[in-house]
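Coordinates in review
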Amino acid sequence: MQNKLIITVAPTGSVPKKEKTPHVPVTTEEIVEDALKCEQVGASILHIHTRDEQQNPSDAPERFAEVVGALKGRTRLILQVSTGGRAGVGLESRLQRLSAGSEMASLTTGSVNFPNSAYVNPPDLVAALATEMKRLAIKPEVEVFDFSMLHNAIDLVRSGILQPPMHVNFVMGLKGAMPARIEHLTHLVGFLPKGSTWCVSGVAAAQLPMAVHAILMGGHVRVGLEDNIYYRKGELATNAQLVERIVRISTELGREIATTDEARQLLSLTSLESKNL
Ligand code: MG
């Protein structure tokens, strides 16, 4: 199969609330409805965060299980739970989300400063999450906010904790982490072990340009309100609109969009599917 484009949608994240954009899905029903729309227009992977009644990020494993459970049987989307946690969120709650029944989960392989907080992922926590993903046959999406995190992930592969081929998401343009620049992206991609797949999440105004770079370079793309709430300056986007725009641009550039099952093949998920769906 040619290298078709895998589109991930990250519809919710931890930050935007309804006051900021009415389009952000925060309840289970809203997340499910939005996910199904995004699947219809071309997304293959759903990156899942959950919120509590006040729209604040929820760390409760039950919330993740609820979203995954509500989607199963209604979608072919590849479900990917976030194992991220704000400072103070314990390993236990982050590990328990892996029991929600998703095919993938995010794995941040180091620590970084966010604009107003530290995102802390010490080596023992990273190893514990990775080990549990391996045990449950969940494919990690390695979240790389900084160059060191790519090398940490390569070390985890060498030590047998991470199973190759890796799938890596480069998060670029978040204040405190890597700037969204094509030369940084080229450099990072050059260090990926052979056979790896990769994706870019450009933050805010960097979402579209970084996505276009990724399409042209043979990588994959993540869009969604977690990373960017605007369609263009001053105009709020819906998640489906952001997915549709990537479909249009990639198609114009001659790169076809992967179906959900083609994405499974590209990510070597096929062997896991029977367990999870
Ligand atoms: Mg996330």
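What comes next concerns the included structure. (Residues numbered from 1 in each chain as written. Predicted model: local features only at pLDDT ≥ 70, side-chain atom pairs only at ≥ 80, totals over all residues. Heavy atoms only, no water.)

1. Describing the packing of helix α1 (residues 28-41) against helix α8 (residues 239-252)
Where α1 contacts α8, the two axes come as close as 9 Å, and the packing angle between them is 15°. Classified by the angle their axes make, α1 and α8 are roughly parallel. Our pair here, α1 against α8, has a crossing hand that is right-handed. Residue-level inspection shows D34, K37, C38 and V41 of α1 in contact with α8, the latter providing N239, A240, V243, E244 and V247. (Axes fitted to C-alpha atoms, helices over the stretch in contact; angles between N-to-C directions. Helix = DSSP H or I, 4+ residues; strand = E, 2+ residues; numbered from the N terminus. Parallel < 35°, antiparallel > 145°, perpendicular 65-115°, else oblique. Left-handed = near helix turned anticlockwise from the far one by under 90°. Contact = heavy atoms within 4.5 Å.)

2. As for the packing of aromatic side chains
Evaluation of the coordinates by the stated rule reveals five aromatic pairs. Each ring, one from Y119 and one from F145, has its centre 5.8 Å from the other, and the planes form 80°; the classification is edge-to-face. Separated by 26 residues along the polypeptide, Y119 in strand β6 (residues 118-119) and F145 in the loop between β7 (139-144) and α5 (147-158) bring together distant segments of the chain. For the residue pair Y119 and F145, the accessibility class agrees, reading buried in each case. (Phe/Tyr/Trp six-rings, centres within 6.5 Å; stacked < 30°, edge-to-face > 60°. Buried < 20%, exposed > 50% of the residue type's maximum accessible area, 1.4 Å probe, protein only.)

3. What to know about the nonpolar core
Grouped together as the largest cluster of nonpolar side chains are 73 residues, with contacts concentrated most on V144, L150 and F170. Ignoring any residue separated from it by four or fewer positions in sequence, one finds V144 in contact with M149, L150, V168, N169, F170, V171, M178 and L188. I78, A263, L266 and L269 belong to the second-largest nonpolar core, a separate cluster that totals nine residues. (Core = buried A, V, L, I, M, F, W, Y, C linked by side-chain atoms within 4.5 Å.)

4. Focus: the pairing of strand β4 (residues 104-108)
Burial analysis of β4 places five of its five residues in the buried class, which makes it a mostly covered element. Every second residue of β4 is oriented toward a common face, with M104, S106 and T108 on one face and A105 and L107 on the other, all of them buried. Both β4 and β7 contribute to a ladder of five bridges, which runs parallel. From the neighbouring strand, A105 faces β7, where its bridge partner is P140. (Pairing = 2+ DSSP bridges.)

5. A few points about the pattern of salt bridges
Taken as a whole, this structure holds 15 salt bridges when the rule is applied. Of the charged contacts in the structure, one is a salt bridge between R135 and E132, with a shortest N-O distance of 3.0 Å. Separated by three residues within a single helix, R135 and E132 lie in helix α4 (residues 123-135), roughly one turn from each other. E235 is the salt-bridge partner of R232, the closest N and O atoms lying 2.6 Å from each other. Through salt bridges that share partners, R76, E103, D261 and R264 make up one connected network. (Salt bridge = Lys/Arg side-chain N within 4 Å of Asp/Glu carboxyl O.)

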